[in-house]
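# Overview (structure and organization)
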Amino acid sequence: MCKNMAKRTIGKAGLLFAAMGSIIGSGWLFGPYYAAQIAGPAALISWVLGGLIMIVIALTFAELSTMLPIVGGIARFAQDLQRCPLAGAVRAALQRSLW
């Protein structure tokens, strides 16, 4: 067993935030409706283009995850691939601020 394996338990706070995130996060379903009202049929092209870009990003992270099976995700990828702890800290701070 790998020593860097994450503990697979969830506490009351984690459960609370997961439930709140699923409630608040359902607002994205109105995105296609509003985009179709504003842009008309061109909105479909933008959604397809955005989907293709997301597939490329997902495949990149899938490749990184198989190459570096470590706990820590995006911040650890930046730290290990650039061999600089500052890169991991900056990436983690950016990720927290953008979410």
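Residues numbered from 1 in each chain as written. Predicted model: local features only at pLDDT ≥ 70, side-chain atom pairs only at ≥ 80, totals over all residues. Heavy atoms only, no water.

### Details of helix 4 (residues 73-82)
When helix 4 is considered as a whole, its buried residues turn out to be A75, F77 and A78. Buried residues of helix 4, viewed axially, fall in a sector of 160 degrees; they line one side. Those residues of helix 4 hidden inside the fold are in contact with helix 3 (42-67) and helix 5 (85-98). One or two residues past the end of helix 4 sits R83, with phi positive at roughly 55 degrees. (Buried < 20%, exposed > 50% of the residue type's maximum accessible area, 1.4 Å probe, protein only. Helix = DSSP H or I, 4+ residues; strand = E, 2+ residues; numbered from the N terminus. Arc of directions from axis to C-beta. Contact = heavy atoms within 4.5 Å.)

### Points about the packing of aromatic side chains
A complete count under the given rule lists 2 aromatic pairs for this structure. The interplanar angle of 55 degrees and the centroid separation of 5.5 Å between the aromatic rings of Y33 and Y34 together place this pair among those described as tilted. Counting every residue linked through ring pairs, the aromatic cluster contains F30, Y33 and Y34. (Phe/Tyr/Trp six-rings, centres within 6.5 Å; stacked < 30°, edge-to-face > 60°.)

### Quick word on the packing of helix 3 against helix 4
The relative placement of two packed helices comes down to the angle between their axes together with the axis-to-axis distance. Two elements in contact, helix 3 and helix 4, have axes separated by 11 Å at closest approach and are oriented at 65 degrees. The angle between the axes of helix 3 and helix 4 places the two elements in the roughly perpendicular class. Here helix 3 and helix 4 pass one another in a crossing that is left-handed. Touching F61, L64, S65 and M67 of helix 3 are I74, F77 and L81, all from helix 4. In the contact of helix 3 with helix 4, the residues fall into 6 nonpolar, 1 polar and no charged. (Axes fitted to C-alpha atoms, helices over the stretch in contact; angles between N-to-C directions. Parallel < 35°, antiparallel > 145°, perpendicular 65-115°, else oblique. Left-handed = near helix turned anticlockwise from the far one by under 90°. Nonpolar A, V, L, I, M, F, W, Y, C, P; charged D, E, K, R; others polar.)

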